[in-house]
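# Per-entry structural report
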Amino acid sequence: MIRRYADEPRLSGAVRHGGLVYLAGQVADDTSLDAEGQTRDILAQIDHLLAETGSDKRHLLSVQIFLADIKDIDAMNKAWDAWIDVGCKPARATVEARLVDPSWRVEVTAIAACRPDAYDA
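Residues numbered from 1 in each chain as written. Predicted model: local features only at pLDDT ≥ 70, side-chain atom pairs only at ≥ 80, totals over all residues. Heavy atoms only, no water.

- Under an unreviewed UniProt entry, the name given to the protein chain is RidA family protein, and the source organism is Candidatus Kirkpatrickella diaphorinae.

### A word on the side chain of Glu36
- Relative to the assigned elements, Glu36 resides in helix H1 (residues 35-53).
- Judged by its relative accessible area of 18%, Glu36 falls in the buried class. (Helix = DSSP H or I, 4+ residues; strand = E, 2+ residues; numbered from the N terminus. Buried < 20%, exposed > 50% of the residue type's maximum accessible area, 1.4 Å probe, protein only.)

### A word on the pattern of salt bridges
- Evaluation of the coordinates by the stated rule reveals 3 salt bridges.
- The residue Arg105 makes a salt bridge to Asp72 at a minimum N-O spacing of 2.3 Å. Within this pair, whereas Arg105 is found in the loop between strand S5 (91-96) and strand S6 (106-113), its partner Asp72 is found in the loop between strand S4 (60-67) and helix H2 (73-83), the two being separated by 33 residues in sequence.
- The exposure class of Arg105 is partly exposed, given its relative accessible area of 25%.
- Note that Asp117 is salt-bridged to Arg115, the shortest N-O span being 3.1 Å.
- With relative accessibility at 23%, the residue Arg115 sits in the partly exposed group. (Salt bridge = Lys/Arg side-chain N within 4 Å of Asp/Glu carboxyl O.)

Written out as structure tokens, the structure is:
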């Protein structure tokens, strides 16, 4: 069974299938924030989406982070380090990329496993 969450006109914010959750690229709601603030905003959104889909940050498998300016990596990592469960770190890639909206400093996408109590094939 495929389940879709946070439906938008062009995409689903998350898709769950076969015990995995795939997150679309998440960007900050408040684009006036700096890279650290935008990252905190995005990570809160990810917490919400993962909870809604039967997962959480401890079940993250892979994360891709896109920065509009690679010089923001320290600011992004400050928010990341405060958020991530150090005992359950996912595989991660961070790259500089031209993002669709120039006010976006950070975009994050991820794949997570469902919690065992929430798994369905």
